[in-house]
Amino acid sequence: LLSDIRKRIEIPFMNAFHLACLLVGALLLTLILYLVYRIIWIPYSWIRYFRKQGVPGEPFVPLLGQLREYNQAKLLNTSDFWAYENCLKDKHGPVHYWCKGPEFRLYFHDASVLQYVCQHHAKFNKLSIAKEASKLSLLTN
């Protein structure tokens, strides 16, 4: 009876080569999905989040961001390190965003805005930072 069941149900035999191909394919698919998530989805979700709040910025360009414009500004103004950032400040105002490659950047060019954000929307503890700075100064002396 058991031999009849085995004959009726034909299960293809997977040898080591088929199993290795399946494993490599699964790993490649996982790597591709991770890269799409890390390089495209995360910067795009940050841009969407800040656009909904009314923060201006450069349009989203997958993978490269604004690296081309950034490098052109660096070549034209070799003496000014902040040339591209100052251009964006003039274009979008004191608070704006842009992507340097796949990395999202949020800029505050106004100290009062940065102070407000640190006091009201961040876990910012001046006392612990002062303690760490004093520890570092004691170690260097």
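## Regarding the confidence of the model for the protein chain
Do not read the predicted coordinates in detail wherever pLDDT is low.
Moving on, step 1. Of the residues in the protein chain, 75% reach a pLDDT of 70 or more, and the chain-wide mean stands at 79.
Moving on, step 2. Of all secondary-structure elements in the protein chain, the lowest mean pLDDT belongs to helix H6 (residues 126-140), at 53, while helix H2 (residues 16-52) reaches the highest, 91.
Moving on, step 3. Counting contacts from residues 137-141, a segment whose pLDDT is below 50, to residues more than four positions away or on other chains yields zero contacts.

## Details of helix H3 (residues 67-76)
Moving on, step 1. All of the buried residues in H3 are Tyr70, Ala73 and Lys74. Down the axis of H3, the buried set is contained in an arc of 100°. They therefore lie on one face. Exposed side chains of H3 directed beyond 90 degrees from the buried face belong to Arg68, Leu75 and Leu76.
Moving on, step 2. Buried positions along H3 lie against helix H4 (83-92) and strand S1 (95-100).

## A closer look at the nonpolar core
Moving on, step 1. Grouped together as the largest cluster of nonpolar side chains are eight residues: Ile47, Phe50, Val55, Phe60, Val95, Tyr97, Cys99 and Phe104.
Moving on, step 2. Among the elements of the structure, H2 and S1 are those that each provide at least two residues to this core.
Moving on, step 3. Counting residues per element, this core draws most heavily on S1, at three residues.
Moving on, step 4. Residues contacting Phe104, with those up to four places away along its chain left out, are Pro43, Trp46, Ile47, Phe50, Tyr97, Trp98 and Cys99.
Moving on, step 5. Membership of the second largest hydrophobic core comes to six residues, among which are Tyr70, Tyr84, Leu88 and Tyr107.

The rules behind each value
Residues numbered from 1 in each chain as written. Predicted model: local features only at pLDDT ≥ 70, side-chain atom pairs only at ≥ 80, totals over all residues. Heavy atoms only, no water. pLDDT = per-residue confidence, 0-100. Helix = DSSP H or I, 4+ residues; strand = E, 2+ residues; numbered from the N terminus. Contact = heavy atoms within 4.5 Å. Buried < 20%, exposed > 50% of the residue type's maximum accessible area, 1.4 Å probe, protein only. Arc of directions from axis to C-beta. Core = buried A, V, L, I, M, F, W, Y, C linked by side-chain atoms within 4.5 Å.

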